[in-house]
Every structure is written in structure tokens, then in C-alpha cells.
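# Structural overview
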Amino acid sequence: MSTERRASPAVPEADETNSVRSALRSGRRLRTEVLAGLVVALALIPEAIAFSIIAGVDPRIGLFASFTMAVSIAFLGGRPAMISAATGAVALVVAPLAREHGVDYLIAAVIVAGFLQVVLGVLGIAKIMRFIPRSVMVGFVNALAILIFLSQVPHLVGVPWAVYPLVAVGIALMVVLPRWTTVVPAPLVAIVLLTAATVLAAITVPTVGDEGALPDSLPQLVLPNVPLTVETLRIIAPFALAVALVGILESLLTAKLVDDVTDTHSNKTREAWGQGAANIITGFFGGMGGCAMIGQTMINVKVSGARTRISTFLAGVFLLVLVVGLGDVVAIIPMAALVAVMIMVSVGTFDWHSVRPSTLRRMPRSETTVMVATVVVTVATHNLAYGVFVGVVVAMALFARRVAHFTTVTRQDVVDTHDQRVYAVEGELFFASSNDLVYQFDYAGDPQDVVIDLTNAHVWDASTVATLDAITTKYAAKGKKVTIVGLNPDSAERHERLGGHLGAGH
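Small disclaimer: the values here were computed from a predicted structure and weren't measured.

Of all the 10 residues making up strand S4 (residues 420–429), 7 are buried; the element is thus mostly covered by neighbouring parts of the structure. As paired strands, strand S3 (residues 408–412) and S4 are joined by 5 bridges and run antiparallel to one another. Its bridge partner being in S4, Arg 411 is matched across the sheet by Tyr 423. When S4 meets strand S5 (residues 449–459), the two strands line up parallel, connected through 9 bridges. Across the sheet, the residue bridging to Arg 421 is Val 450, located in S5.

The following block contains the structure:
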């Protein structure tokens, strides 16, 4: 698995510039980027409104956040073609703050969260990606696909019967049309045709306008009206930290997923601090903050075929133009069309290979357990960060348990002497494997001279050094001497530095 330190971006800054220039010079590539941005903008509108409702704020706050996040990250982010906007994860985090203290405190928390993300990005938090196993990534993707689908269910319950055939037609268009032509993204065709059908046939179904009022003016620079006191910081700090961590985690995971889809590398460090800078800008324009959106990113990259920052930038621009300048037109788009688009995104996002019976039979149970744990927690909490955290913890616990069983202690017979006993220890010695090490020796029956050979072992932590001290102490209590041999340089340095200094508590 590649890491941030070993793998530099496959598309350096100069090459990224050339890629954008190439797209601007190629009519076909430019058309792909423009149409992808338009489709994403249309999909962002109801999502941003819905997330605003979750956060308990005016829809304009979510829409403006999506505009400023998309435009800002197009210049600042480390992953070209990735979409950032107002998200459900951030909305869930800030909802209690907005409800108890008001919008101004929410905006202040977003700005502080942005500064925290910049600091964390500069400090190298992106390197945590190397500690996220593949099984957690698969669980993250599958859980996200399920959440995308579940988020559409409310639009399919208690609605006029005409919604269902419209959704079916929209899905059929997106399945069949790409087999004929890819000149125009299938989702855009579905949205246009279904909107025209409902208007011309006067079919009464829920529309985008029913989701909430669209803004009629441009976002303006604002300062949150909060007192600059320690009490204010005490109130917003926990929410700001949560927004920062959730935002960075989701953004880095999404960037990794786009890397896999496009077979390119991205600059995760730049993406981390870029998200922070975008949130700062968003906060000062009165937005609710956000992070990378995997659903819209998949529409942009996987469905529409976009590859450059042009599509990300245009998604934000089109969003503002649509809601401010063409609000009356956007308002009549049937939600059925957008539901069909998101259902197709969920189907395309899910890793179907991971749940095939043949794959499950071949895959170690521990790997499947980690994937299932990630999916279950994410779907249950509707929070991708919680799911990933639990998945990583489960993976670490299962890995430690598995490695612990690889440690063996063998008693060797020494020729020509009965005054010495040699124990050969093999394996990786750390807290999980060394705890039982103390019970592997015959303290009463061994001769006066005991040798512990660690030639085929490695001492990784203080817990192991403390265990070796405990073994030595037990033998000493019976008047016997212990000699530890075969330590490699790293283990010897650790044992020399810590041995005899840890105390009984360790």
C-alpha cells in the first residue's frame, strides 16, 4: 500500500497545470469537464438543502457553503476533480451547536475548525492514511453506498405514484444511454428529459423547490457576532475539533478512493490543509462548512469522466448560477430525477466483488469482520468517521491477536552440562504477545544458569522489557541467574534503555 511519504503525487503541480491547459485546448475534454460540473451542481442543490435542514439552519447557509467549498478547493485541494461541499457528517456535528447557541456560533466553529485543519495538515496528519487497512476502506465504500441509497428512501415514501415510474425511467436511461453515446452525461439527459416530461404532462410530483427556499442574492462577507471570550472558545472548541477531524478523515478517504478510480496519486497533505483553508473561506461567507463528498465526487469522476480541477470549479459556479439566476427553473426539477441519479451512484459505488460468496470464502475471517464492523457502525450512526475509527480499532485488535500467537518459547537441551538451561524465543514481542511470556518458564525446576536466546525475536515495546525484567526477578528470587542473548541492535538499545527502570507498575 502506498504511503504519503513514499509516493509523491503522480500528477505534480506543473503537470496538473498542463492537464488543465490540455482540457481547455481540447473541445471534447472541456465538454466533459463542463457537463460533469453541471451534473454535480444539480445533484448538490437538494443535498445542500437537506443538510441545512439537518443542521437546523436556513437552506441558503448550506447552498452558499457548497459554492464556496467547491470553488475554493478547486484551487487549494490536493486531489483534482474531487468535490467538496456541505456534507451530512458536518451537519450532524454542528446541529446541536446551532440549536443551542445560534448560527453565529456555528459559523465561528467552522472558522476555528478550518484553522485546526490547516495546522493538522501542516503537521502531517495525512500520514494516518497508512494505518487504514484495505478492509476498512472496502467497508467505508460499501457503507457510503448504503447511506447514499438510504438517504433517497424518504423521497420514495409517501409520495405520488407517478414518482416510481419516473425513477425507473431515469435509472433505465442512465443504464442504456452510455451504450449508445457518452457525448453527454447520462445523468444530465435523465434530469432534462424527466423535468420536461413532468412539466409538459403537468405531472404533480415533489420538486427541488419543495425542499426549501433558494437564495436570490450572492453570498456576502460576514463576521460571526460572538463575544471574543474564553467562554465562547469553550463552547465552540469541541464542535470545531469534531468538524476538523471528521472533515479531514472523510476528505482523505475520498481522495484515496479517487486515486484508485483514476490510477493516480494525490497530495494528501495539501488536501488536508486545503480543506481547512476552504472552511475558513466558507465560514467568513456565512456557510456551514463541509468536506469532500464521495457521492458527488463519484458522479464527477466515475459517472461523468471528469479528471481536472475545471469540473470542481464549475460545479461551484454552476451551483450559484442555478440557485440565484435560474432558481425558478431549478425549482421545477422533479426530485425523482435526482433520486434516480443518486441510486445509480450508490450502485456504482458499492464494491460488489467484496460480497461475492467466492470472495468471502477466500477472504480471512478477520478481514471480513473488519469490513462488516465498519459498515455496521457507519450505517447505524450515519457517521463515516465513527465507522472508520471502529474498523481500524477492530483491525488492530485482530492483528495483535493473530501476531501474538506466532510467538513461541522452546526449551533447548544443552550438551555436556546440567547447570544451564537455554530457552529460545521466536516471534514479535509486544504488549499482546509478551504478556503470557512470563508463564513459559520453569522457575523452580531450572538449573542455576538460565539463558534466554532472542536471536529470532524482536523487542518492540516497554511491555516486553517489563516482562523480561519480571522473568529475571522471578529467577533471582530463587537464587538463579538469567542471561539474555541474541538481541538485535534495535531490541538491545530498547532493553538497555528501559531494563530495570520500569517498576512493578509496568
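From this point, things continue past the structure.
Next up on the list: the sheet that holds strand S6 (residues 481–485). Pairing within the open sheet is mixed, and its 4 strands lie in the order S3-S4-S5-S6. The sheet terminates laterally at S3 and S6, the two strands that pair on one side only. With strand direction ignored, the average angle separating the axes of adjacent strands in the sheet is 20°.

Now for the pattern of salt bridges. This model, assessed by the stated rule, comprises 8 salt bridges. Of the charged contacts in the structure, one is a salt bridge between Arg 79 and Asp 259, with a shortest N-O distance of 2.7 Å. Here Asp 259 lies in helix H9 (residues 230–262) and Arg 79 lies in the loop between helix H3 (59–76) and strand S1 (84–85), a separation of 180 residues in the sequence. For the pair formed by Arg 79 and Asp 259, the shared burial category is buried. Two residues, Lys 256 and Asp 260, come together in a salt bridge whose shortest N-O distance is 3.1 Å. Separated by 4 residues within a single helix, Lys 256 and Asp 260 lie in helix H9, roughly one turn from each other. Overall, the relative accessible area of 16% leaves Lys 256 in the buried class. Via salt bridges that share partners, Arg 79, Asp 259 and Lys 268 belong to a single interconnected network.

Relative to S6, S5 runs parallel, the two being bridged by 5 bridges. Bridging across to S6, Ile 452 finds its partner in Ile 484.

Let's shift gears to the packing of helix H7 (residues 163–180) against helix H14 (residues 335–349). The geometry of H7 relative to H14 is characterised by a closest axis approach of 8 Å and an angle of 50° between their N-to-C directions. The angle between H7 and H14 places the two elements in the oblique class. Every pair of crossing elements has a handedness; the one defined by H7 and H14 is right-handed. Packed against H7, whose contacting residues are Val 163, Leu 166, Val 167, Gly 170, Ile 171, Met 174 and Val 175, the element H14 presents Ala 336, Val 339, Ala 340, Val 341, Ile 343 and Met 344 at the interface. Its residues assigned to classes, the contact of H7 with H14 comprises 12 nonpolar, 1 polar and no charged.

What follows is about the packing of aromatic side chains. What the rule picks out here adds up to 7 aromatic pairs. The interplanar angle of 65° and the centroid separation of 4.6 Å between the aromatic rings of Tyr 423 and Phe 441 together place this pair among those described as edge-to-face. Taken together, the residues Tyr 423 in strand S4 and Phe 441 in the loop between helix H18 (431–434) and S5 connect sequence positions 18 residues apart. Its relative accessible area of 7% is what places Phe 441 among the buried residues. Measuring from ring centre to ring centre gives 4.7 Å for Tyr 443 and Tyr 475, while their planes differ by 55°; the resulting arrangement is tilted. Taken together, the residues Tyr 443 in the loop between H18 and S5 and Tyr 475 in helix H19 (residues 462–477) connect sequence positions 32 residues apart. Here Tyr 443 and Tyr 475 have matching classes, each one buried. An aromatic cluster is built from Tyr 423, Phe 441, Tyr 443 and Tyr 475, whose rings are joined through pairwise contacts.

A few words on the packing of helix H6 (residues 134–150) against helix H16 (residues 365–381). Contact geometry for H6 and H16: axes closest at 8 Å, N-to-C directions at 35°. With respect to the hand of their crossing, H6 and H16 are arranged in right-handed fashion. Seen from H6, the contacting residues are Ser 135, Val 136, Val 138, Gly 139, Phe 140, Asn 142, Ala 143, Ile 146, Leu 147 and Leu 150; seen from H16, they are Glu 367, Val 370, Met 371, Thr 374, Val 375, Thr 378 and Val 379. Across the contact of H6 with H16, the residue classes tally to 11 nonpolar, 5 polar and 1 charged.

Note on placement: Asn 142 falls in helix H6. Once residues within four sequence positions are removed from consideration, Asn 142 is found in contact with Phe 350, Asp 351, Ser 354, Met 371 and Val 375.

It is worth spelling out the nonpolar core at this point. Residues Ile 45, Ile 132 and Met 288 are the most contacted members of the largest nonpolar core, which totals 103 residues. The greatest single-element share of this core, amounting to 12 residues, is contributed by helix H2 (residues 27–55). Core analysis: the second largest hydrophobic core is formed by 18 residues, Val 425, Val 450, Leu 454 and Leu 498 among them.

Glancing now at helix H8 (residues 186–200). Between its first and last C-alpha atoms H8 spans 21 Å; for 15 residues at 1.5 Å apiece the expected length is 21 Å, and the two agree. Those residues of H8 that sit buried are Ala 186, Pro 187, Leu 188, Ala 190, Ile 191, Leu 194, Thr 195 and Thr 198. Those residues of H8 that are buried lie in contact with H2, H7, helix H11 (294–303) and H14. Where H8 terminates, the next one or two residues include Ala 202, which has phi positive at roughly 55°.

Further remarks concern the confidence of the model for the protein. When pLDDT is averaged along the protein, the result is 86, and 94% of the positions lie at 70 or above. Every residue in residues 1–14 is under pLDDT 50, and counting partners more than four places away or in other chains gives 24 contacts.

The next thing to look at is the environment of Ser 251. Residue placement: Ser 251 occurs in helix H9. The spatial distance from the C-alpha of Ser 251 to the C-alpha of Ile 83 is 9.4 Å, given a sequence separation of 168 residues. Leave out the neighbours within four places in its chain, and Ser 251 touches Met 82, Gln 275, Cys 291 and Ala 292. Here the side chain of Ser 251 touches Gln 275 through a polar contact of 3.5 Å, side chain to side chain.

The rules behind the values
Residues numbered from 1 in each chain as written. Predicted model: local features only at pLDDT ≥ 70, side-chain atom pairs only at ≥ 80, totals over all residues. Heavy atoms only, no water. Buried < 20%, exposed > 50% of the residue type's maximum accessible area, 1.4 Å probe, protein only. Helix = DSSP H or I, 4+ residues; strand = E, 2+ residues; numbered from the N terminus. Pairing = 2+ DSSP bridges. Axes fitted to C-alpha atoms, helices over the stretch in contact; angles between N-to-C directions. Salt bridge = Lys/Arg side-chain N within 4 Å of Asp/Glu carboxyl O. Parallel < 35°, antiparallel > 145°, perpendicular 65-115°, else oblique. Left-handed = near helix turned anticlockwise from the far one by under 90°. Contact = heavy atoms within 4.5 Å. Nonpolar A, V, L, I, M, F, W, Y, C, P; charged D, E, K, R; others polar. Phe/Tyr/Trp six-rings, centres within 6.5 Å; stacked < 30°, edge-to-face > 60°. Core = buried A, V, L, I, M, F, W, Y, C linked by side-chain atoms within 4.5 Å. Expected span 1.5 Å × (residues − 1). pLDDT = per-residue confidence, 0-100. Polar contact = N/O pair within 3.5 Å; in protein donor to acceptor, adjacent residues only side chain to side chain.

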